[in-house]
Amino acid sequence: MPYYFSFRSIYPYLGDLAAAAQATLLLSVLAIVLSVAIGSGVALMRRSDSRLLRFTGGLYVEVMRNTPLLVILYIVYFALPQLGLRMSPFNSALIGLTLNSAGYMAEIIRAGLVAVPPGQFEAAASQGFTRVQLYRHIVLPQVFRTIYAPLGNQFIAVILASSLASAVAVEEVASWMQTVGSSSFRFFETFVIAAVVYLVLCQIVNLGRIAIGRWLFRQPEAYR
Amino acid sequence: MTDTVLKFDHVVKRFGDRTILDGVSTTVQAGEIVCFIGPSGTGKSTLLRCVNGLETIEGGNILFEGKAVQAKQRSIIDVRRRIGMIFQHFNLYPHLTALENVMLAPVVVHGEDRKTVEERARGLFEKVRLSHRINAYPAQMSGGEQQRVAIARALATNPHILLFDEPTSALDPETVGEVLAVMRDLAVEGRTMLVVTHEIRFAADVGTRMVFLDGGKIVEEGNPREMLAAPKSERAKRFLSTISNAAH
Amino acid sequence: MSAQLLTYMPLLLKAALVTIWLSWLALLIGAVGGTLIALARMSTFLPLRLLALLFTEFFRSIPILIVLFFVFFGMPLVFGIDLSPFTATTVALALHASSTMSEVIRAGLESVGKGQWEAARAAGMTYWQMMRHVIVPQALRVILPPSVGVYIATLKESSLASIIGYVELTKTGLLIRETMGSSFVPLLLLALIYFLINYGISLGGAALERRFHVNTRLMTAGAGQ
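Residues numbered from 1 in each chain as written. Chains lettered and ligands numbered in written order. Predicted model: local features only at pLDDT ≥ 70, side-chain atom pairs only at ≥ 80, totals over all residues. Heavy atoms only, no water.

Per an unreviewed UniProt entry, chain B goes by Amino acid ABC transporter ATP-binding protein and derives from Bosea spartocytisi. The UniProt entry for chain B carries this comment under Sequence similarities (unreviewed entry): "Belongs to the ABC transporter superfamily." (UniProt positions renumbered as here; feature names shortened; annotations may be inferred.)

As named in an unreviewed UniProt entry, chain A is Amino acid ABC transporter permease, taken from Bosea spartocytisi. Regarding chain A, the relevant UniProt record gives this comment under Function (unreviewed entry): "Part of the binding-protein-dependent transport system for glutamine; probably responsible for the translocation of the substrate across the membrane." UniProt's Sequence similarities (unreviewed entry) comment on chain A is quoted here verbatim: "Belongs to the binding-protein-dependent transport system permease family. HisMQ subfamily."

Caption draft 1: Main features of the UniProt feature "domain: ABC transmembrane type-1" (unreviewed entry) in chain A. The positions that UniProt labels "domain: ABC transmembrane type-1" (unreviewed entry) are, in the present scheme, residues 21-209 of chain A. Taken end to end, residues 21-209 of chain A is 83% helix and 0% strand, and its first and last C-alpha atoms sit 20 Å apart. (Helix = DSSP H or I, 4+ residues; strand = E, 2+ residues; numbered from the N terminus.)

Caption draft 2: Broad picture of the nonpolar core. In this structure, Phe129(A), Met177(A), Leu6(B), Leu194(B) and Ile66(C) are the most contacted members of the largest nonpolar core, which totals 152 residues. Per-element tally for this core: the top contributor is helix H6 (residues 131-161) of chain A, with twelve residues. Look past the residues within four positions of Leu6(B) in its chain and what remains in contact with it is Thr26(B), Thr27(B), Val28(B), Val51(B), Ile62(B), Leu63(B), Phe64(B), Ile161(B) and Leu194(B). Of all hydrophobic cores here, the second largest spans 49 residues; its members include Phe90(B), Ile134(B), Leu162(B) and Val195(B). (Core = buried A, V, L, I, M, F, W, Y, C linked by side-chain atoms within 4.5 Å. Buried < 20%, exposed > 50% of the residue type's maximum accessible area, 1.4 Å probe, protein only. Contact = heavy atoms within 4.5 Å.)

Caption draft 3: Quick peek at a nonpolar patch on the surface. All names here are of chain A. Taken together, the side chains of Phe-144, Ile-212, Trp-215 and Leu-216 present a nonpolar region at the surface, about 380 Å² in accessible area. Turning to its location among the elements, Ile-212 is positioned in helix H8 (residues 187-216). Its relative accessible area of 45% is what places Ile-212 among the partly exposed residues. (Patch = residues over 30% accessible without salt bridge, like charges linked within 9 Å, V, L, I, M, F, W, Y side chains within 5 Å. Areas by Shrake-Rupley, 256 points an atom, 1.4 Å probe, with all protein chains shown as cover. Salt bridge = Lys/Arg side-chain N within 4 Å of Asp/Glu carboxyl O.)

Caption draft 4: Just the interface of chain C and chain A, in detail. At the interface, 42 residues of chain C touch 39 residues of chain A. Across the chain C to chain A interface the summed buried area is about 3,800 Å²; carbon plus sulfur atoms make up 73%. If you look at where chain C meets chain A, you find zero salt bridges. Summed over the shared surface of chain C and chain A, the result is four residue pairs in polar contact (both at pLDDT 80 or more). When contributions to the side of chain C that touches chain A are tallied by element, the ones reaching two or more residues are helix H3 (46-61), helix H4 (64-79), helix H7 (127-157), helix H8 (169-179), helix H9 (185-212) and helix H10 (217-220) of chain C. Taken together, the residues that form the side of chain C that touches chain A break down as 25 nonpolar, 13 polar and four charged. (Buried area = accessible area lost by both parts, 1.4 Å probe. Polar contact = N/O pair within 3.5 Å; in protein donor to acceptor, adjacent residues only side chain to side chain. Nonpolar A, V, L, I, M, F, W, Y, C, P; charged D, E, K, R; others polar.)

Caption draft 5: The pattern of salt bridges, seen in detail. Tallying each qualifying case throughout the model produces 24 salt bridges over all chains. Put simply, Arg122(B) and Glu118(B) hold a salt bridge, and the shortest N to O gap is 2.8 Å. One end of the pair, Arg122(B), and the other, Glu118(B), are both in helix H4 (residues 114-127), four residues apart, so they sit about a helical turn from each other. For Arg122(B), a relative accessible area of 40% translates into the label partly exposed. Of the charged contacts in the structure, one is a salt bridge between Arg41(C) and Glu103(C), with a shortest N-O distance of 3.1 Å. Here the residue Arg41(C) occupies a position in helix H2 (residues 9-41), and Glu103(C) occupies one in helix H5 (residues 85-111), the gap between them amounting to 62 residues. Overall, the relative accessible area of 22% leaves Glu103(C) in the partly exposed class. Among the charged side chains, a salt-bridge network with shared partners connects Arg41(C), Glu57(C), Arg60(C), Glu103(C), Arg106(C) and Glu110(C).

Caption draft 6: Structural view of the UniProt feature "transmembrane region" (unreviewed entry) in chain A. According to UniProt, the feature "transmembrane region" (unreviewed entry) maps to residues 20-45, 57-80 and 191-217 of chain A in the numbering used here. Overall, residues 57-80 of chain A shows 92% helix and 0% strand. The separation of its end C-alpha atoms is 23 Å.

Caption draft 7: View of the interface of chain B and chain A. With 23 residues of chain B at the interface, the matching set in chain A holds 21 residues. Together chain B and chain A conceal approximately 2,100 Å² of surface at their shared face, both sides included; 59% is due to carbon and sulfur atoms. On the chain B side of the interface with chain A, the three residues burying the most area are Tyr93(B), Pro94(B) and His95(B), jointly 28% of the side's total. At the boundary of chain B with chain A, the tally comes to one salt bridge.

Caption draft 8: Seen up close, the packing of H2(C) against H7(C). Residues and elements named next belong to chain C. It is at 11 Å that the axes of H2 and H7 come closest, and there the two elements cross at 140 degrees. Here H2 lies oblique to H7, going by the angle between them. Remark: the crossing between H2 and H7 carries right-handed chirality. Contacts between H2 and H7 involve Thr-19, Ile-20, Ser-23, Trp-24, Ala-26, Leu-27 and Leu-39 on the former and, on the latter, Tyr-127, Met-131, Ser-147, Val-150, Tyr-151, Thr-154 and Leu-155. Of the residues belonging to the contact of H2 with H7, the class tally is ten nonpolar, four polar and no charged. (Axes fitted to C-alpha atoms, helices over the stretch in contact; angles between N-to-C directions. Parallel < 35°, antiparallel > 145°, perpendicular 65-115°, else oblique. Left-handed = near helix turned anticlockwise from the far one by under 90°.)

Caption draft 9: Region of interest: the confidence of the model for chain B. In the predicted model, chain B carries a mean pLDDT of 92, and 98% of its residues have values of at least 70. Of the two predicted TM-score estimates for the complex, the pTM is 0.86 and the ipTM is 0.90. (pLDDT = per-residue confidence, 0-100.)

Caption draft 10: Helix H2 (residues 51-66) of chain A, seen in detail. Residue and element names in this part refer to chain A. Under the 1.5 Å per step criterion, the end-to-end length of H2 is 22 Å for 16 residues, consistent within 8% with the ideal 22 Å. Turning to H2, its buried residues are Gly-57, Gly-58, Tyr-60, Val-61, Glu-62, Met-64, Arg-65 and Asn-66. Where H2 begins, the capping side chain belongs to Ser-50, and its oxygen is found 3.3 Å from the backbone nitrogen of Leu-52. (Expected span 1.5 Å × (residues − 1).)

This is the structure in structure tokens:
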């Protein structure tokens, strides 16, 4: 039996698609924001004077880099209710995705911190900056420049990874593709549409990153 | 009677089992320009870095304006706010313009009013002859220009003493002169300066005292011209002759 | 760890072997596919170059899961090809691995200086002789270490097979969880097994890096699917 394309048969499901795309986007944006926060903490732990903190930070990064996201999502999904914490599938997936992304984010931020020359810390120290002033005015602006591009890549990685949330009952784009595909037998069409949604989201992030970067760093490109 | 700004009292510094400073004692009065010379690796820079606590000391004492410098204590921040330091590699903040580099510490660290600071900063740029470069970024400037900005940055907080850590060693030969010229002006103003340098000529012309360090100890110190003309110790004699041979 | 969980250990270890085999197969196919695409990317024939670029960009910009859904659920409908969960997963992972490996291989080939290509040509070598004796041996030391990162990524991605019901390591863990009265402890054990396998492989990769003096950290960072 030959297969006839029929995007028309998908029309009734487009409303759900909008909601699904929104869920994908929201999940990814929140995960990125939260994982920047946690990743910064872990990166600072890895530069701490305390051996225990350094070890813990390193262990966290290695565990997250070497364990499948899907397994982490399942653990959060099944463990939290068992520990008495009831939450929506969305929030549970958000936690899993954030924990995972924070592992990579910590490495990105650490690389950014390492790229700040020791002379910067010395110059600031010689001028009597406190630790907070030093990070706020001298280190962070420089780290931000270094991690700006990798941050964009991580954003895209998180958008793609958020598709796994479908396995823990979040209604986002991948789960839209599967439910609509199996109820309408239109898997090719749903695949094409889902792929386009992801491609568009990724391209928006990508082009947005480049455009904003041009505006933010109007001043000389290479300053070292 | 002059005021004692800085007093080194049997300062000992070790890196692992290597002793870098082996009981250094000397005193710096207000208005003095003390030039530290000696073979590389003898702890001249380290001595300078101990003054504002960038290095910790293992023995002895450093008194700045009568109080012991303790690198690990919170009080070190107050010491640093009264000291200006100029580094071999400038260490300008690359994400800020020259003007912003100079203004950052007075505004952020000392909580001064932006307007006042900017006015003073512009004056400093005039002094280091860089008024035309205030909006340039460090990456857009030559080494000599960057070092002059670094001097302006150190002056911006009205320090009681200036520490120069080999300020011309990383410069192209043609820009060394412009930095030394600025330092000469500062000397004329009567600022207290500690200078680690290989520029023997500068030390002789501008310095009020020359200190020759070797093997972590002060081997000889005195009037720069007299020392240059007739070093008392054998080691200083040997060092000065290699230096002047290399200069010709 | 409870005694009951211990009785499941052999099952988990067997499932771990399945996971390792599945991802290894996908990586091998991905390496072959990646090589072809890398060569296409470096071809002088523009349409071929564009096609290869399109392939890599496409598979880098969509989730593996929707590729897997399409291969497993869609192929029977669209092309009348029924694939087992194992084959479907292998195909989906291999497609993704091909796009990643093509970038790794291209970077490796491009790391060999222009002079080497010209010297080989000047010596009268054919294309294959040049590749076999001059280019590949040099490119390999740039290609091998990041390939370890791709393998780890593929091994993690193979967990997606559990979503379409294939019983590999993750699915085995989920089944044990159900038989053990919905405790999440088996899942922790599952994570530990994955961690040990991947961390072991990454240590091997680090050894390769030291041996070849190349840094792969940048290339392996990023995706966490």
